Structure formats: structure tokens, C-alpha cells
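Chain residues, written in single-letter form:
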Amino acid sequence: MDLELAEEQQMVIDMAKAMLEEHCPTQLVRDMEDDAHGVPAELWSQMSDLGLNGLLIPEEYGGGGLGLLEGAFVYEELGRAMAPVPHFVSCVLSAKVLLAAGSDAQKEAWLGKIADGSAILTPAWLEPERGQGEKGIALEAKSEGATFKLTGRKRSVPYASAADQLVVLARTDAGVDLFLVDPNASGVTMKQLLSQGREPQYQIDFDGVAVSAENRIGEAGTGWATWNAAMHEGIILLAAQAIGGADRCLVETVDYANQRIQFDKPLGAFQALAHYMADASTRIDGGRVLVHEAAWNADQGRTIARFAPMAKLFCCEAYRETTRVCAQIWGGVAFTIEYDQQMFFRRAKALQLSWWDTPYLEELIASDVLD
Ligand SMILES: Cc1cc2nc3c(=O)[nH]c(=O)nc-3n(C[C@H](O)[C@H](O)[C@H](O)COP(=O)(O)OP(=O)(O)OC[C@H]3O[C@@H](n4cnc5c(N)ncnc54)[C@H](O)[C@@H]3O)c2cc1C
């Protein structure tokens, strides 16, 4: 694997970094925590204007047509900035589901709008008290002629109040299917949930919501396979996001450790703390290599059944552990709201628990290892 960045790849990184430094200060991240809408208009339009929302969408739909490796570079910057945007749910997961299985009409209707940021789509996937695999989908989609009636509950649906369409995983006679559902349709109700990561997320109830059969994405019974493939690609980007967050947390902590004097020495001069930072740095660099290897394999069309879950597992663990030791190095102030450390710490745990958690990732890796 060639780890040297091409000129265009470096340009993408520099562009994303510069834009986020200007338009995504920590104060914006704080302001958007638990905001009911949750999409900062200026940042979102900047991302669209720079082509970041369409980065992974083919050129024929107005996107950049770039691969997961370039996506990973951008996601490292999004993680570094803790950018509060619906990019992952709309421009990655929903876009990938539509690209893989959507009808021509569905692709025409939504991919261009996702790419230019004028529409936001979000998946409604998880259900209360149910697992993260295919068996976890219980929400019923009952076929009645040319219509399906959806009944059940979804939880942790990010950015639902800002969404133009929900991408709903539901159980039909054929298995699991994906449906495009208008969040304003009769029978849909939403309740905002408060989470550790404090991104806007909702519980959604579907009470006999009528959905036209034309709004099913893909052939009957293929929904889980489509979703599973989109998630495998998506979690590589989340792994990159974790590395970006961990990296910034460490950079800021190293700076503090060099400035804060205790017992006539900077904190960093104490061996116990220096070793914490050495270990964190090693984890971050190791995780980054794993992300790039997973993304590169995906872009080459090779299997990512093992690499993708490994990258998410390892990088989220690295983020979580980095923020834990960084909090130790900052001392008491790490736990105060005034300092940014607590935001990294909360986001690290939230990311580790979200979009396939540690036990589920271990299950995926184990089934590949034992195969
Ligand atoms: C909201 C809040 C409430 C508090 N309430 C109380 C209270 O009720 N009573 C009280 O007594 N204190 C209280 N404290 C103070 C708290 O006990 C201190 O934060 C704590 O003792 C750590 O000191 P520090 O934050 O100044 O960190 P620092 O002294 O700057 O140390 C930072 C970190 O460096 C490491 N470190 C420091 N020196 C060394 C060394 N020689 N070798 C290796 N590692 C080292 C430690 O891991 C430490 O966590 C409070 C603090 C906060 C923020």
C-alpha cells in the first residue's frame, strides 16, 4: 500500500481543514448540542459549496465521484472539528443505499439534492430493546395492494427533524426491506432524545403509515444486504472520524502538558504522563493505518468484511482511551464544562456505542476470523 498522498488528496485535506477551522469553531459545536434542528446553516452550505457533501456521489448526480480513501481524509478533519453536521447519515449512508439499490427515479429525485445539501435523508434503523443485526428489525411493513403500512418504533434517528426523507428498515413478508418515508406523513410522530454525544436524535413512532410500493428501495427482501454493505463502507469513515477527534484531543493536551507547571516542571516532564501521550500517539497512528488500509481495499473492490469492523473497533477504542488519559493529564479542569476536553470525552464514548458497537463489531470480525 502506497501511503504517500497524491497532490489532489492533499488538496482535499487542506480545503476541508481550512474551511472547518473558519466555519466550525468549538463554540458552534457547543451551540448545536441538543439543538432540535441541529444543522448549522452556514457550515452546511460551505460544505456543499466546496463539494464535500457530494464527495462520494458519482459525477452524473452532481457529486465528486471520489473514493473512500478521500472520504477518510475528510472524515478525519470532520472528527477533528467535531463538526455537527448530518453528513454521515445523508451523504454517506442514505446516498450509498440509494446508489446501490435505488430505482432510477429515486436516484434522480434525491442524489443531486443530497450532493448539493438541499435535501437531508436519514436512516431509521435501530429499534428499542433490539439488537444491531438483521434480527433487530421488527417494525412491520404490511403489504396492502400497491401500498405498505408501517407500524412500529425506531430509536436514535439522527437529524430526523431536519430530514426530507427517512430511510426506514422494516420487516415484510419477504424479509427486511428499505423504504423512503416522508417524515411529515400521517401516522409519523417524533420525540427528541437526549444523548451523551448531544447530537440531535429522535424516537420515531409509525402508526400504520401508508407508503407506496414505489418507495421501496431495491427488490423485495434485499434491504438488509443493501444496508449491511452501506454500513461496512460507512464505519470506515467513522473510524477516520474517531482518529481525527483523538488526534486533536492529544495535540491540545500535549500543548497543555508543555505549559502547565507542577512541582517546578511542565506536566509533560513527568514520565507517567509522557508515557500516556506516547501510547496515545501510537494508537492514533496505528488506527490511521488501519483506516487507510480498509478504505483502500474498499476502493479496490476487495472485501472489507474484516477490515471495516476492525477499523471501527480499533479507532473508537483509541479515541476513547486517548480522551480518558488526556482527561487525566488535564486534571480537574477536564471535567468542567468550560474546557473542551469533556466534549471529546463524551463524543468518543458516543461514537464507540453508535453505528455498530464493540460487541457487534467483535461478532463480525470473529465470524470472519473463524470462517
Ligand atoms: C470542579 C472541581 C471541584 C473540585 N473540588 C475539590 C474539593 O472539593 N477538594 C479538593 O481538595 N480539591 C478539589 N478540586 C481540585 C482537584 O482535587 C484537583 O483538580 C486535583 O487535585 C488535580 O489537580 P489539578 O487539577 O490542579 O491538576 P494538576 O496538579 O495540574 O495535575 C494534572 C495531572 O497531572 C498529573 N500529575 C501532577 N503531578 C504529577 C507528578 N508529580 N507525577 C505524575 N503525574 C502528575 C496528575 O495525573 C494530574 O491529574 C476540584 C477541582 C475541580 C475542577
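I will try to describe carefully the structure that is included in this document. In this text, all values refer to a predicted model and were calculated from it rather than measured experimentally.

The rules behind each value
Residues numbered from 1 in each chain as written. Predicted model: local features only at pLDDT ≥ 70, side-chain atom pairs only at ≥ 80, totals over all residues. Heavy atoms only, no water. Disulfide = S-S within 2.5 Å. Buried < 20%, exposed > 50% of the residue type's maximum accessible area, 1.4 Å probe, protein only. Near = heavy atom within 4 Å. Polar contact = N/O pair within 3.5 Å; in protein donor to acceptor, adjacent residues only side chain to side chain. Areas by Shrake-Rupley, 256 points an atom, 1.4 Å probe, with all protein chains shown as cover. Nonpolar A, V, L, I, M, F, W, Y, C, P; charged D, E, K, R; others polar. Core = buried A, V, L, I, M, F, W, Y, C linked by side-chain atoms within 4.5 Å. Helix = DSSP H or I, 4+ residues; strand = E, 2+ residues; numbered from the N terminus. Contact = heavy atoms within 4.5 Å.

### Some thoughts on the state of the cysteines
Any covalent bond linking the sulfur atoms of two cysteines counts as a disulfide.
Here is step 1: Within this structure, the stated rule accounts for zero disulfides.
Here is step 2: As a non-bridged cysteine, C24 has C91 as the owner of its nearest cysteine sulfur, 15 Å distant.
Here is step 3: For C24, a relative accessible area of 5% puts it in the buried group.
Here is step 4: The closest cysteine sulfur to the non-disulfide-bonded C315 is located on C316, 7.2 Å from its own sulfur.

### As for the site of the ligand
Here is step 1: Taken together, R260, Q262, F263, L267, F270, L273, Q328, I329, G331, G332 and T336 make up the full set of residues adjacent to the ligand.
Here is step 2: Q262 has a polar side-chain atom sitting 2.4 Å from an oxygen atom of the ligand.
Here is step 3: Taking Q328, its main chain carries an N or O atom lying 2.9 Å from an oxygen atom of the ligand.
Here is step 4: Burial of the ligand by the protein amounts to 42% of the accessible area it has alone, namely 960 Å².
Here is step 5: Its residues placed into classes, the shell around the ligand shows five nonpolar, five polar and one charged.

### Considerations on the nonpolar core
Here is step 1: The biggest cluster of nonpolar side chains holds 103 residues, and the ones touching the most others in it are I114, W125, W227, I236 and W355.
Here is step 2: Examining the composition of this core, we find that 17 residues originate from one element, helix α7 (residues 223–259), more than from any other.
Here is step 3: Excluding anything up to four places from it in sequence, I236 contacts L68, V291, A294, A295, A298, I304 and A308.
Here is step 4: Grouped together as the second largest cluster of nonpolar side chains are 19 residues, A163, A170, V181 and Y202 included.

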